[in-house]
Amino acid sequence: MLRRGSQALRRFSTGRVYFKNKLKLALIGQSLFGQEVYSHLRKEGHRVVGVFTVPDKDGKADPLALAAEKDGTPVFKLPKWRVKGKTIKEVAEAYRSVGAELNVLPFCTQFIPMDIIDSPKHGSIIYHPSILPRHRGASAINWTLIMGDKKAGFSVFWADDGLDTGPILLQRSCDVEPNDTVDALYNRFLFPEGIKAMVEAVQLIADGKAPRIPQPEEGATYEGIQKKENAEISWDQSAEVLHNWIRGHDKVPGAWTEINGQMVTFYGSTLLNSSVPPGEPLEIKGAKKPGLVTKNGLVLFGNDGKALMVRNLQFEDGKMIPASQYFSTGETSVVELTAEEVKVAETIKVIWAGILSNVPIIEDSTDFFKSGASSMDVARLVEEIRQKCGGLQLQNEDVYMATKFEDFIQKVVRKLRGEDQEVELVVDYISKEVNEMMVKMPYQCFINGQFTDADDGKTYDTINPTDGSTICKVSYASLADVDKAVAAAKDAFENGEWGRMNARERGRLMYRLADLLEENQEELATIEALDSGAVYTLALKTHIGMSVQTFRYFAGWCDKIQGSTIPINQARPNRNLTFTKKEPLGVCAIIIPWNYPLMMLAWKSAACLAAGNTLVLKPAQVTPLTALKFAELSVKAGFPKGVINIIPGSGGIAGQRLSEHPDIRKLGFTGSTPIGKQIMKSCAVSNLKKVSLELGGKSPLIIFNDCELDKAVRMGMGAVFFNKGENCIAAGRLFVEESIHDEFVTRVVEEIKKMKIGDPLDRSTDHGPQNHKAHLEKLLQYCETGVKEGATLVYGGRQVQRPGFFMEPTVFTDVEDYMYLAKEESFGPIMVISKFQNGDIDGVLQRANSTEYGLASGVFTRDINKAMYVSEKLEAGTVFINTYNKTDVAAPFGGVKQSGFGKDLGEEALNEYLKTKTVTLEY
């Protein structure tokens, strides 16, 4: 009956080791949890003098036994501890021989006699996965979910002669999320935090500081082990109660109902907060309303009219299928294996044999679970196949749905062949032979992983500003399209793979997307040049290059988003722990401008996705094409459907609907100040959604007479004419000190005359067309206003006489503070120069700050003290010193005053797409 886990007890006594406040422990129990507690206690210096566990099952030792045997710790594998109510003598003798000072029971399914419990100096402590006195007894985690508890947790208590009634040593709790499962709770909190707590409890005992808090009887509950016959679903209840019943029984014993005379067990329940998708009705015995078999799963209805969805169904014969395939007719045909696939099957057979060591031969009919495998073995199987079969990535559900070896191999082969993948992305391109390449441009709305026409079929023309020709017709998103996109994003966040994905995997997808952007940078830069007029070389370096850098930067942040612990006043005699968690907001809307179509997309969406949100993005109506190409690449990168949605169209329809939509939790906008104000108002009135705004600017650039003039001229021109002046941080007004003013103007004009204006795809072009016709007309009117008010037009101010929307680089001087040119942003290639008196630092600062805008600013001087003084006094989100336009993905970017609020780029940008949750617990 009594058997030692190894042939002889190995003792290592090369010398004595003395530990301060460390104990001799007996570990009684089993499981991976027991193994981890054992390992952590030994790391902390406690001496485990004996492990008392269960006998091998089907030739396989328990994980706790395996770890202890490996370390040379005495292991006793006991079928039972007592007979007819009395402790078995040889068991008691074996136990007492180890001389334990404390019994630690991390997880134990056996009944341990009280003489053993009370034998050590310090008695015994037990881990229980509930907040006692609630849910005493077995299946405590299941009952936490079944009863709809809002808090879950565990207790470490002192064993007594009652059933989970002993005094509390310590407790920990966590929130129960709406769609938590038993596995999710266990893996997220009960397992990792339980290990830490058991180690902490032992140390408290060793230090003589362990409390014994009597359990109150008020609120005490006791529930037994749920059996299959008791797990039938009672349908006349709310959707939330049904959901709790199903998830509380997942995976054992499984909540079931009768469908077409057969017991069917439900797995993978989630509450359905979005609209009910279309599906085929399914009659369910006892349910007042038929279920709906949809493409995502089986929708079920509570008596309150609300709905839930289950992902998988299991039949009486043990076969499990996706609920969406319930009405699929006929059996899947058996595929013939190629020679290479036979090798993979043989490798997998070896892996099965290693896990199912008790099975002599793995046959086609061998059932993984009926042969003794557990959920822990599922994880091992998936990982071993990934390592030994060329990175083949299976999901745990693949094992549950094909438990027999023959069926499992068929599933693997279909996955290898790509036959079980979702429908391949279909893209209806507009193709053009241009820039020595074939450019393929999607032109439809991108919603829920598919390109599709607008709901009402409407389109509009997107124009090439180089010659005014139509590039293609683009779908014009309707209100219905916006609603579909938001619903897809919400479903992806709440029910899809994205919401369950770990942060590191999210980062991997973003790195892959950055790689694809880089691999396709020439095509993307060409599309940017065609659609926005950006000079190709600039588009390649900045528009596309910085987009790649942005996605790589935020990909690295995915698994580094973390909260903090906060010391607070203790509620004596109890103690408190307060910490914060950073969580994604949900569905985010992003509305971007036309000056940097892809780069503005990247600046906002990369931070949004890194934080774990899903998004609906509306590109500028006049420049939609790189955003739609980005959508295509996101699918190739592996982003799940619904995570990214792109809806081209007008701001008045699509943009306004996004700002008003009740399911959107955050809106990020870059554009004009008047539109930003309207968006902010709509966001507030609708549902107080979080907002970040990057709006207009009139950025001052102050050039002192002690500057390096050549550099000031060169960078001053870049500050105005970079990207044709269509630059949010462009220097809207230059203040040049009187003594160098005339020379500065002369040199600028000389350099402008050297600039080549022409086709943006020509590598020698310096200055391309303005983005669209209406903008060109606005710039010409801006210049006319300046002349009428008395400013001096030194150069330019006219449209270039050639096809397209080209404007001459323009210079105005003698601009007074009251003039329109001094107050309003041009957003074009117009340099506005004002003179200031020599040495009048405070005077020029007052003039520079005399604007409602505050996006960027700059100063050129050799005097570092002057530079720092000016930078401190300038009212702007960014100050450039002896440089300009120097942005970086790691440096936060955003304005003050009526230039908006919130940041793009850098760590601060993540906070725009996260919410902070404060958690305080008492122990």
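In this text the structure is predicted, and so the values were computed from the model without any measurement. (Residues numbered from 1 in each chain as written. Predicted model: local features only at pLDDT ≥ 70, side-chain atom pairs only at ≥ 80, totals over all residues. Heavy atoms only, no water.)

## Notes on the environment of Trp235
Here's step 1: As for its placement among the helices and strands, Trp235 is situated in the loop between α6 (182-206) and α7 (239-248).
Here's step 2: Residue Trp235 is classed as buried on the basis of its relative accessible area, which comes to 8%.
Here's step 3: Measuring from C-alpha to C-alpha, the distance between Trp235 and Ala65 comes to 44 Å, with 170 residues separating the pair along the chain.
Here's step 4: Residues contacting Trp235, with those up to four places away along its chain left out, are Leu242, Thr257, Phe266, Ile284, Lys285, Gly286, Ala287 and Leu300.
Here's step 5: A polar contact is formed between the side chain of Trp235 and the side chain of Thr257, at a distance of 3.1 Å.
Here's step 6: Of note is the side chain of Trp235, whose polar atom sits 3.4 Å from the backbone oxygen of Lys285. (Helix = DSSP H or I, 4+ residues; strand = E, 2+ residues; numbered from the N terminus. Buried < 20%, exposed > 50% of the residue type's maximum accessible area, 1.4 Å probe, protein only. Contact = heavy atoms within 4.5 Å. Polar contact = N/O pair within 3.5 Å; in protein donor to acceptor, adjacent residues only side chain to side chain.)

## Quick word on the sheet that holds strand β35 (residues 830-836)
Here's step 1: The strand order across the open sheet formed by 7 strands is β33-β34-β35-β32-β31-β36-β37, and the pairing between neighbours is mixed. The open sheet terminates on both sides in strands that have one partner only, identified here as β33 (792-795) and β37 (878-881). Neighbour-to-neighbour, the strand axes of the sheet open up by a mean angle of 25°, direction not taken into account.
Here's step 2: Where strand β31 (residues 699-703) lies against strand β36 (residues 856-860), 3 bridges are found, and the strand directions are parallel. Within β36, the position partnered with Leu701 by the bridge is Gly858.
Here's step 3: On top of the sheet, helix α21 (residues 709-721) reaches β31, β32 (731-737), β34 (810-813), β35 and β36; it is set at about 130° to β35, its chief contact. (Pairing = 2+ DSSP bridges. Axes fitted to C-alpha atoms, helices over the stretch in contact; angles between N-to-C directions.)

## Topic: the domain arrangement of the chain
Here's step 1: We note that the domain assignment places domain 1 (22-205), domain 2 (226-323), domain 3 (337-415), domain 4 (427-692) and domain 5 (698-893) within the chain.
Here's step 2: Computed over C-alpha atoms, the centres of domain 1 and domain 3 are 32 Å apart.
Here's step 3: Contacts between the two partners involve 5 residues from domain 1 and, on the opposite side, 7 residues from domain 3.
Here's step 4: For the pair domain 1 and domain 3, the two sides together bury roughly 460 Å², of which 51% comes from carbon and sulfur.
Here's step 5: Here domain 1 and domain 3 share 0 salt bridges between them.
Here's step 6: Run the count over domain 1 and domain 3 and you get 0 residue pairs in polar contact (both at pLDDT 80 or more).
Here's step 7: Considered class by class, the residues forming the side of domain 1 that touches domain 3 number 2 nonpolar, 1 polar and 2 charged. (Domains from an automatic or database assignment. Buried area = accessible area lost by both parts, 1.4 Å probe. Salt bridge = Lys/Arg side-chain N within 4 Å of Asp/Glu carboxyl O. Nonpolar A, V, L, I, M, F, W, Y, C, P; charged D, E, K, R; others polar.)

## Thoughts on the UniProt feature "site: Essential for catalytic activity" (unreviewed entry) in the chain
Here's step 1: UniProt records the feature "site: Essential for catalytic activity" (unreviewed entry) at Asp164, using the numbering of this structure.
Here's step 2: Within the fold, Asp164 resides in the loop between β9 (151-158) and β10 (168-175).
Here's step 3: Residue class for Asp164 comes out buried when judged on its relative accessible area of 13%.
Here's step 4: In this structure Asp164 touches His128, Leu132, Arg136, Gly137, Phe157 and Gln215, once residues within four positions along its chain are discounted. (UniProt positions renumbered as here; feature names shortened; annotations may be inferred.)

## Topic: the state of the cysteines
Here's step 1: Tallied over the full model, the rule gives 0 disulfides.
Here's step 2: In this model Cys472 remains outside any disulfide bridge; the closest cysteine sulfur is found in Cys445, 13 Å from its own.
Here's step 3: Classification of Cys472 as buried rests on a relative accessible area of 5%. (Disulfide = S-S within 2.5 Å.)

## Examining the sheet that holds strand β24 (residues 565-566)
Here's step 1: With antiparallel pairing, 3 strands are arranged side by side in an open sheet as β24-β25-β39. Unpaired on one side and paired on the other, β24 and β39 (914-922) mark the two borders of the sheet.
Here's step 2: Here β24 runs beside strand β25 (residues 576-584); their pairing, made up of 2 bridges, is antiparallel. Bridge assignment links Thr565 to a residue of β25, and that residue is Phe579.

## Some remarks on the pattern of salt bridges
Here's step 1: Evaluated as defined, the whole model comprises 43 salt bridges.
Here's step 2: For the salt bridge of Glu69 with Lys77, the shortest nitrogen-to-oxygen distance reads 3.1 Å.
Here's step 3: When its relative accessible area of 4% is taken as the criterion, Lys77 is described as buried.
Here's step 4: The partner of Lys285 in a salt bridge is Glu258, and the shortest N-O contact between them spans 3.5 Å. Placement of the pair is Lys285 in the loop between β13 (280-282) and β14 (291-293) and Glu258 in strand β11 (residues 255-259), with a sequence separation of 27 residues.
Here's step 5: Looking at Lys285, the relative accessible area reads 55%, which means it is exposed.
Here's step 6: Of the residues examined, Glu258 reaches a relative accessible area of 28% and is grouped as partly exposed.
Here's step 7: Residues joined in a network through salt bridges with shared partners are Glu177, Lys581, Glu583 and Lys917.

## Here's the deal with unusual backbone geometry
Here's step 1: A cis amide bond, omega 15°, links Leu132 with the succeeding residue Pro133.
Here's step 2: On the secondary structure map, Pro133 appears in the loop between β8 (124-128) and α5 (140-146).
Here's step 3: Of note, the phi angle at Asn435 is positive, near 55°, even though the residue is not glycine.
Here's step 4: Assignment of secondary structure puts Asn435 in the loop between β18 (429-434) and β19 (437-442).
Here's step 5: For Asn723, which is not glycine, the phi torsion reads 55° and is therefore positive.

## As for the packing of helix α12 (residues 479-494) against helix α19 (residues 651-660)
Here's step 1: For the pair α12 and α19, interaxial distance at closest approach is 9 Å and the crossing angle is 40°. In terms of orientation, α12 lies oblique with respect to α19. The interaxial crossing formed by α12 with α19 has right-handed handedness. Across the interface between the two elements, Leu479, Val482, Asp483 and Val486 from α12 touch Ile653, Ala654, Arg657 and Leu658 from α19.
Here's step 2: Looking at the contact of α12 with α19 residue by residue, the class counts come to 6 nonpolar, no polar and 2 charged. (Parallel < 35°, antiparallel > 145°, perpendicular 65-115°, else oblique. Left-handed = near helix turned anticlockwise from the far one by under 90°.)

## Considering the confidence of the model for the chain
Here's step 1: Scored by pLDDT, the chain comes out at a mean of 91, with 96% of its residues at no less than 70.
Here's step 2: Under a pLDDT of 50 for its full length, residues 1-19 has, in the predicted model, 26 contacts with residues more than four places off or in other chains. (pLDDT = per-residue confidence, 0-100.)

## With respect to the environment of Gly839
Here's step 1: Tracing the sequence through the fold places Gly839 in the loop between β35 and α25 (841-848).
Here's step 2: A residue is classified by how much of its surface remains accessible, and Gly839, at 58% relative accessible area, is exposed.

## Concerning the pairing of strand β29 (residues 666-670)
Here's step 1: Burial within β29 is extensive, with 5 of its 5 residues counted as buried.
Here's step 2: With burial as the criterion, each face of β29 is covered, one bearing Lys666, Gly668 and Thr670 and the other bearing Leu667 and Phe669.
Here's step 3: Bridge count for strand β26 (residues 587-591) against β29 is 4 bridges, and the pairing is parallel. Within β29, the residue paired with Ile591 across the bridge is Phe669.
Here's step 4: With 5 bridges connecting them, β29 and strand β30 (residues 690-694) associate as parallel partners.

## Digging into the packing of aromatic side chains
Here's step 1: On inspection of all chains with the given rule, the structure shows 25 aromatic pairs.
Here's step 2: For the ring pair Tyr127 and Phe154, a centre distance of 5.3 Å and an interplane angle of 35° mean the geometry is tilted. Separated by 27 residues along the polypeptide, Tyr127 in strand β8 and Phe154 in strand β9 bring together distant segments of the chain.
Here's step 3: Given a relative accessible area of 0%, Phe154 falls into the buried group.
Here's step 4: Cluster of aromatic residues (ring-pair linked, three or more members): Phe33, Tyr127, Phe154, Tyr186, Phe189 and Phe191.
Here's step 5: If you follow Lys289 out to its NZ or CZ, it ends over the ring of Phe301, 4.0 Å from the centre.
Here's step 6: Over the ring of Tyr913 we find Lys666; its NZ or CZ atom is 3.8 Å from the centre of that ring. (Phe/Tyr/Trp six-rings, centres within 6.5 Å; stacked < 30°, edge-to-face > 60°. Lys NZ or Arg CZ within 6 Å of the ring centre and 35° of its normal.)

## Description of the nonpolar core
Here's step 1: Ranked by internal contacts, the top residues of the largest apolar core, which has 109 residues, are Met510, Phe551, Phe639, Ile703, Leu734, Phe744 and Met831.
Here's step 2: For this core, the element with the highest residue contribution is helix α17 (residues 597-610), accounting for 11 residues.
Here's step 3: In terms of domain composition, this core takes at least three residues from each of domain 4 (427-692) and domain 5 (698-893).
Here's step 4: Once residues within four sequence positions are removed from consideration, Ile703 is found in contact with Ala712, Leu734, Phe735, Val736, Glu737, Ile740, Phe744, Phe836 and Phe860. (Core = buried A, V, L, I, M, F, W, Y, C linked by side-chain atoms within 4.5 Å.)

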